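# Chain and residue survey
The primary structure of each chain is shown beneath.
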Amino acid sequence: MRRRVLPGFGLSLGYALAYLGLIVLLPLAALVWKASGIGLHGLLHLLAAPRTLAALKLSFGGALAAALINVVVGLLVGWALVRYRFPGRRLLDALIDLPFALPTAVAGIALTALYAPNGWLGRWLEPLGIKVAYTPWGVLLAMVFVGFPFVVRTLEPVLQSLERDVEEAAESLGATRWQTFTRVILPLLVPTLLTGFALALARAVGEYGSVIFIAGNIPMRSEIAPLLIVQKLEEFDYAGAAALGVVMLAFSFVLLMLVALLQRWSRRWAERAA
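Residues numbered from 1 in each chain as written. Predicted model: local features only at pLDDT ≥ 70, side-chain atom pairs only at ≥ 80, totals over all residues. Heavy atoms only, no water.

## Overview of the side chain of serine 59
Structurally, serine 59 is set in helix α3 (residues 50-83). Taking the relative accessible area as the measure of exposure, serine 59 reaches 1% and is therefore buried. At a separation of 2.8 Å, a polar atom in the side chain of serine 59 contacts the main-chain amide nitrogen of alanine 225. Sequence-distant contacts of serine 59, that is, excluding residues within four places in its chain, are made with Met143, Ile224, Ala225 and Pro226. (Helix = DSSP H or I, 4+ residues; strand = E, 2+ residues; numbered from the N terminus. Buried < 20%, exposed > 50% of the residue type's maximum accessible area, 1.4 Å probe, protein only. Polar contact = N/O pair within 3.5 Å; in protein donor to acceptor, adjacent residues only side chain to side chain. Contact = heavy atoms within 4.5 Å.)

Below, the structure is given as structure tokens:
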């Protein structure tokens, strides 16, 4: 009798597929089925509406910009936390997880209280002509806030596992600190950076609670796509809400697939370079 290498593999695989089907695939199938009620003509009409296009542009454009900002700043913060010891390091490390613990609505209210025209920081920015709250900049700020921990926490284990021998070898061959970082360290971090980018992007695209307070929800200016979905639900337009959800799902899937392919290519390139 032929024995399997992993005992219980069939049962485990069946349980995993059943769980995936009930939790992920079945709700997504129901969403697509509900969206089909609007028809192809109705879907094209919904997507062609200027308000829908503006909301999708802000949601995905803001999420992309926020994820890129988080990758750069998250790399700097993660590097400082891993490589250096300084006063307040433990406090900074704890504050990074704050967006995880805060309810999204509380985060939105806090950001609005800071950057509103009469807020603690907004009252000083307003005379300079800098408006954050109730503008697309406020949406970007909220997306950066909620996605930042994903990049830092993804990078930290990899930074801790990097051996100093490679850096010392590069320095012994005459490489500067900048050359060592860009040609030796950074290529090894690219796959992890792409993972953090994908997580921050996915978090920002679907963000709702922290954005609606600071955005002001002005149509054609600071209105995000998830808010349009909620509005259609309040109008009992369930097919239209489901159709918008399917569109966001499709865009998100394409973006994450591109990131996954880029991550796979960068990992192979790093392995060949090593």
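So that's the structure; there's more coming.
## Looking at the packing of aromatic side chains
Overall, the coordinates contain five aromatic pairs when judged by the stated rule. A centroid spacing of 5.1 Å and a plane angle of 90° characterise the contact between phenylalanine 100 and phenylalanine 150, whose relative ring orientation is edge-to-face. Residue phenylalanine 100 is found in helix α5 (residues 98-101), and its partner phenylalanine 150 is found in helix α8 (residues 136-161); the two are separated by 50 residues along the sequence. Owing to a relative accessible area of 44%, phenylalanine 100 belongs among the partly exposed residues under this scheme. Here a set of aromatic residues connected by ring pairs shows up, and it is made of Trp79, Trp178 and Phe181. It is arginine 83 that lies over the ring of tryptophan 79; its NZ or CZ is 4.4 Å from the centre. (Phe/Tyr/Trp six-rings, centres within 6.5 Å; stacked < 30°, edge-to-face > 60°. Lys NZ or Arg CZ within 6 Å of the ring centre and 35° of its normal.)

## A closer look at the environment of leucine 244
Secondary-structure assignment places leucine 244 in helix α13 (residues 238-273). Between the C-alpha atom of leucine 244 and that of leucine 56, which follows or precedes it by 188 residues, the distance is 9.4 Å.

## Details of the packing of helix α6 (residues 104-115) against α8
Look at α6 against α8: their axes get within 11 Å of each other, and the N-to-C directions meet at 130°. Taken together, the axes of α6 and α8 lie oblique to each other. Crossing handedness for the pair α6 and α8: right-handed. Residues Ala107, Leu111 and Tyr115 of α6 lie in contact with α8, whose contacting residues are Leu141, Ala142 and Phe145. In the contact of α6 with α8, the residues fall into six nonpolar, no polar and no charged. (Axes fitted to C-alpha atoms, helices over the stretch in contact; angles between N-to-C directions. Parallel < 35°, antiparallel > 145°, perpendicular 65-115°, else oblique. Left-handed = near helix turned anticlockwise from the far one by under 90°. Nonpolar A, V, L, I, M, F, W, Y, C, P; charged D, E, K, R; others polar.)

## So, the pattern of salt bridges
Overall, the coordinates contain six salt bridges when judged by the stated rule. Put simply, arginine 51 and glutamate 223 hold a salt bridge, and the shortest N to O gap is 2.6 Å. You can see arginine 51 sitting in helix α3 and its partner glutamate 223 sitting in the loop between α11 (209-215) and α12 (225-234), a full 172 residues away along the chain. On the basis of relative accessible area, arginine 51 is assigned to the partly exposed category, the value being 34%. Look at glutamate 223 and you get buried, because its relative accessible area is 2%. Residue glutamate 207 pairs with arginine 203 through a salt bridge whose shortest N-O separation is 2.2 Å. A network of salt bridges, in which partner residues are shared, links Asp93, Asp97, Arg153 and Glu156. (Salt bridge = Lys/Arg side-chain N within 4 Å of Asp/Glu carboxyl O.)

## What about the nonpolar core?
Of all hydrophobic cores here, the largest spans 52 residues; its most connected members are Val139, Leu159, Leu189, Ile224 and Met248. What leucine 159 contacts, discounting residues up to four positions off in sequence, is Gly78, Trp79, Val82, Arg83 and Leu189. If you look at the next biggest cluster of nonpolar residues, it comprises five residues, including Val77, Leu81, Ile96 and Phe148. (Core = buried A, V, L, I, M, F, W, Y, C linked by side-chain atoms within 4.5 Å.)

Honestly, that's just the spatial picture; any functional story needs more than this.
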